[in-house]
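# Summary of the model geometry
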Amino acid sequence: MKLEHILPRALGDSHSDCASIFTSLVMGAHFERSRARSLGWRGVRPCASEHPAWTCRAAGSDLVFGIRFDGEESCGDASPAASRERAAASRHCLRGYFSLYAFPPADSPLLDSFPLAALQYALSPGYKDAIREFSGGEPAFQAFRMGQLRLDASFAGDALALTLEAPARHRVLAADGITADACADAPEKGWLVAPGAPECDVPAFRLFMRLFAVLAATAEQRLDEKAAVSRGLSSVPRMCFHRDGRMEECPEEKEFLINCTASFGPSLALAGEALTPLRSLPARYRAQEPERRSLPVLHVLTGFLGAGKTTFLRRWLDFLHGRERYTGVIQNEFGKVALDAALMKGDTVVEALDEGCVCCSLADSLRPGLERIIAAMPAEQFVLETTGLANPANVMAALNGLRDLVAPGLVITVADALDLRGNRALSPDGPGLENAGIRHAQLRKADVIIVNKSDMLSSAELEALISRLRALNGKALVLAAQYGNIAFAELDAWIDAHGETRLPSHAPHILPMGQKDVTHAEEGYIARIVTFEQPVSQAGLEQLLRRAGPGLCRAKGIIPIEGKGICIVQYAASRLEITPAPGEMPVGLTLIGTNPAI
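Residues numbered from 1 in each chain as written. Predicted model: local features only at pLDDT ≥ 70, side-chain atom pairs only at ≥ 80, totals over all residues. Heavy atoms only, no water.

## With respect to the overall build of the protein chain
Operational definition: Only DSSP runs of H or I with at least four residues qualify as helices, and only runs of E with at least two residues qualify as strands; both kinds are numbered from the N terminus onward. Every residue pair with non-hydrogen atoms within 4.5 Å of one another is taken to be in contact. With residues, only the protein chains shown are counted as cover, and all accessible areas are computed by Shrake-Rupley using a 1.4 Å probe.
What the protein chain contains, in helices and strands, is 16 helices and 25 strands. Across the protein chain, every contact between residues at least 6 apart in sequence was considered, and the portion connecting residues at least 24 apart equals 71%. For the protein chain, the accessible area works out to roughly 27,200 Å², and carbon and sulfur atoms hold 52% of it.

Following this line, the structure appears as structure tokens:
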């Protein structure tokens, strides 16, 4: 066993080496999402706090686990005079301690067995958001703390051990009982908990075994060595509390603590610790057949014309590639000008499907396009960036016929805050804009909605828009973005946590009899290409856009502009942007809208 496979430096340089080992162990497994999922991870998120802490999810459990580093100490005798027997019993190692927290969903029946303080907090409106910001130091979270993880690492770098310790059943007795009125002492008020009865009764060890099994399996994978698994048992006095807040031991009551250890290399067991070897790791996650096949995931990125899909995608790729999770892109544009593919040049491998919409006329081109990009770039995931006029319901239906190549992922819809600010068509009963059908379809089918250009709205306007989006699609994650930037770690954790959840994009798409999905052709969208043999002035360009009429929704291209050279032109939601494009060749200007005059 070589610890350097996890932490390539000597121990003892800081007071948080064990936290560094844990971070490297866990985050290293997430460089490849398919591998992380096969190990049983369903998301992990480091907490933004001074104290090292993490929240995570594991397959087979609906809990969110909190892990907080509490400190470390040096143990054992490293002197040359130590006998061989003594060295075996007290090997020189670093021992780190981590508190374990278990957060059930607010609607979980398991909460009934948790402490009353935990139940009360879980039913509060801010519970779910508070877990996201977990750091382990919050007093409100102490009722969810029910176990400990110990990490031992030898200074010689030849041994590592992970140990879970938690009560078989975590019970705390209410010495005086608890009444419905906390200030009353009369039984006629009604007992919530009778005197001497347990105020909580949680099967803590069983709850944490899912998490521990994933951690141990991750260490096996990172160290390329099978763990030696053992189990131990000890007891401590059970605790009881009084109405005045005092906590004391109950000598006549015992709480049994179970520990399970996964060790690599020479034993680092505590002196006198009695351990029983186990044949295998309990609760180990077994990947299902679709995960064993390790097909790449194909996410669908959609959003109405000019919402900022390509800008968001470039920011997302920066995040993914910075973590060595390389991602390929298939881009589909409505028209012959491959501007988006040109903008993506150098960011990743891009397969362009142009001159049509992948949700209708180019459906048959998707298979050969996927085959080409998979051959050119073996990656664990790809993103299909559709045209701004694509209905994602049709795209997801097409992906059902491509399950031999890819596993359908999520639909991520980029919404233009400026465009939707005054669009009451988001309400099913509201009047609507003439082109609200495509927008509506993209938002209803989304698993994640990115509200781009949020900085262009006031706080009140943005809050109102997000409320309308959540009313339209209550299952989607809604994130505000500026210039395509969001908290990508939050998106990453959400995707992992909802990988097995029935989301809007994967729900059966059954329309009422006589109805069919809306398409851009039915709404009268057309595209025209305008080319310029000579540079055009900015005033001339603005006049051209005005002449196109109110039906113009989008204009984009690479054209020569007087005094500015070759430029990228972007027009959407009545906003015109012109940026220099040195080194690019003019390709013309694509105009998209419902006005036949363009």
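## Comments concerning the pattern of salt bridges
What counts here: We count a salt bridge whenever a side-chain nitrogen from Lys or Arg sits within 4 Å of a carboxyl oxygen from Asp or Glu. Throughout, exposure labels follow a simple rule: accessible area from a 1.4 Å probe, protein chains only, divided by the maximum for the residue type, with under 20% read as buried, over 50% as exposed, and the rest as partly exposed.
Following the criterion strictly, the structure yields 14 salt bridges and no others. Its salt-bridge partner being Asp416, residue Lys453 comes within 2.8 Å of it at the nearest N-O pair. Here Lys453, found in the loop between β19 (448-452) and α14 (459-472), pairs with Asp416, found in strand β18 (residues 407-416); they are 37 residues apart in sequence, far enough to count as distant. The class of Lys453 is buried, set by a relative accessible area of 14%. We note a salt bridge from Glu577 to Arg575, for which the minimum N-O separation is 3.6 Å. Overall, the relative accessible area of 29% leaves Arg575 in the partly exposed class. Ionic contacts of the salt-bridge type, sharing partners, join the residues Arg95, Arg150 and Asp152 into one network.

## Some points on unusual backbone geometry
Leaving glycine out, the prevailing phi sign among residues is negative, and the prevailing peptide bond configuration is trans. A positive phi angle is found at Asp224, which is not glycine, with a value near 55°. Structurally, Asp224 can be placed in the loop between α6 (204-223) and β11 (228-241).

## Side note on the packing of helix α1 (residues 17-29) against α6
Put simply, the rule is: The convention used is that axes are lines fitted to C-alpha atoms, helices contributing only their stretch in contact, and that angles between N-to-C directions extend from 0 to 180 degrees. Comment on the angle field: the value is read as roughly parallel under 35 degrees, roughly antiparallel over 145, roughly perpendicular from 65 to 115, and oblique elsewhere. Here the nonpolar group is Ala, Val, Leu, Ile, Met, Phe, Trp, Tyr, Cys and Pro; Asp, Glu, Lys and Arg are the charged ones; every other residue, Gly included, is treated as polar.
Two numbers describe how α1 lies on α6: the axes approach to 10 Å, and their chain directions differ by 80°. Classed by the angle they form, the pair α1 and α6 counts as roughly perpendicular. In this structure, α1 contributes Phe22, Ser24, Leu25, Val26, Gly28 and Ala29 to the contact, and α6 contributes Leu215, Thr218, Ala219 and Arg222. For the contact of α1 with α6, the per-class residue count stands at six nonpolar, three polar and one charged.

## A look at the pairing of β11
Keep this limit in mind: For two strands to be treated as a pair, DSSP must find no fewer than two bridges joining them.
Sheet topology places strand β7 (residues 170-174) next to β11; three bridges connect them, and they run parallel. Looking at the pairing, Ala174 lines up with Phe241 of β11. Sheet topology note: the β11/strand β12 (residues 247-264) ladder contains 14 bridges and is antiparallel. By the bridge assignment for β12, Ser230 is matched with Thr261. Count of turn residues in the β11/β12 antiparallel hairpin: five residues, of which Gly245 carries a positive phi of about 100°. As paired strands, β11 and strand β13 (residues 276-278) are joined by three bridges and run antiparallel to one another. Residue pairing across strands places Val229 opposite Leu278, the latter belonging to β13.

## Quick notes on α1
Basically, it comes down to this: Helices are assigned an expected span. That span is 1.5 Å times one less than the residue count.
If you check α1, its first and last C-alpha atoms are 18 Å apart, about what 13 residues at 1.5 Å a residue would give, namely 18 Å. Here α1 has its buried residues at Asp17, Cys18, Ala19, Ile21, Phe22, Ser24, Leu25, Val26 and Ala29.

## A short note on the sheet that holds strand β24 (residues 575-580)
Pairing in this open sheet of five strands is antiparallel, and the strands run β21-β25-β22-β23-β24 from one edge to the other. This sheet does not close on itself; its edge strands, each paired only once, are β21 (526-530) and β24. Recorded for the sheet is a direction-independent mean angle of 15° between the axes of neighbouring strands. Strand direction decides the pairing type here: strand β22 (residues 552-561) and strand β25 (residues 588-593), joined by six bridges, are antiparallel. By the bridge assignment, Leu552 is partnered in β25 with Gly593.

## Remarks on the packing of helix α8 (residues 309-321) against helix α15 (residues 488-497)
Viewed as axis vectors pointing N to C, α8 and α15 meet at an angle of 80°, and their least axial separation amounts to 10 Å. Here α8 is positioned roughly perpendicular relative to α15, judged by the angle of their axes. Contacts from Phe312, Arg315, Trp316, Phe319 and Leu320 in α8 reach Phe488, Ala489, Leu491, Asp492 and Ile495 in α15.

## Here's the deal with the packing of aromatic side chains
To keep things clear, this is the line we draw: A pair of Phe, Tyr and Trp rings is counted when the ring centres sit within 6.5 Å of each other, with Trp represented by its six-membered ring. The angle between the planes then sorts it: under 30 degrees is stacked, over 60 is edge-to-face, the rest tilted. Here, a charge over a ring means that NZ of Lys or CZ of Arg falls within 6 Å of the ring centre while also lying within 35 degrees of the ring normal.
Across all of its chains, the model carries 19 aromatic pairs by this definition. On the basis of an interplanar angle of 45° and a centroid distance of 6.2 Å, the ring pair of Trp54 and Phe98 is categorised as tilted. In this pair, Trp54 is assigned in strand β2 (residues 53-58) and Phe98 in strand β4 (residues 93-103), connecting sequence segments 44 residues apart. Here the two residues Trp54 and Phe98 agree in accessibility, since each one is buried. What links up through ring pairs into an aromatic cluster is the set Tyr101, Phe103, Phe114, Tyr121, Tyr127, Phe134, Phe141 and Phe144. For the cation-ring pair, Arg439 lies above Phe304, with the distance from its terminal atom to the ring centre recorded as 3.9 Å.

## A few points about helix α11 (residues 392-399)
Cut-off, in case you're wondering: Polar contacts, as used here, are pairs of N or O atoms within 3.5 Å; protein pairs need one atom able to donate a hydrogen and one able to accept it. Residues neighboring in sequence count only if both atoms are side-chain atoms.
Burial runs high along α11: six of the eight residues are buried. All buried positions along α11 are accounted for by Pro392, Ala393, Asn394, Val395, Met396 and Leu399. A side-chain oxygen of the first residue of α11 lies 3.0 Å from the backbone nitrogen of Ala393; this N-cap is Asn391.

## A closer look at the confidence of the model for the protein chain
Note the threshold: The score called pLDDT rates the predictor's confidence residue by residue, from a low of 0 to a high of 100.
Residues of the protein chain with pLDDT of at least 70 account for 82%, and the chain-wide mean is 80. The low-confidence segment residues 182-187, where pLDDT is below 50, has six contacts with residues more than four positions distant or belonging to other chains.

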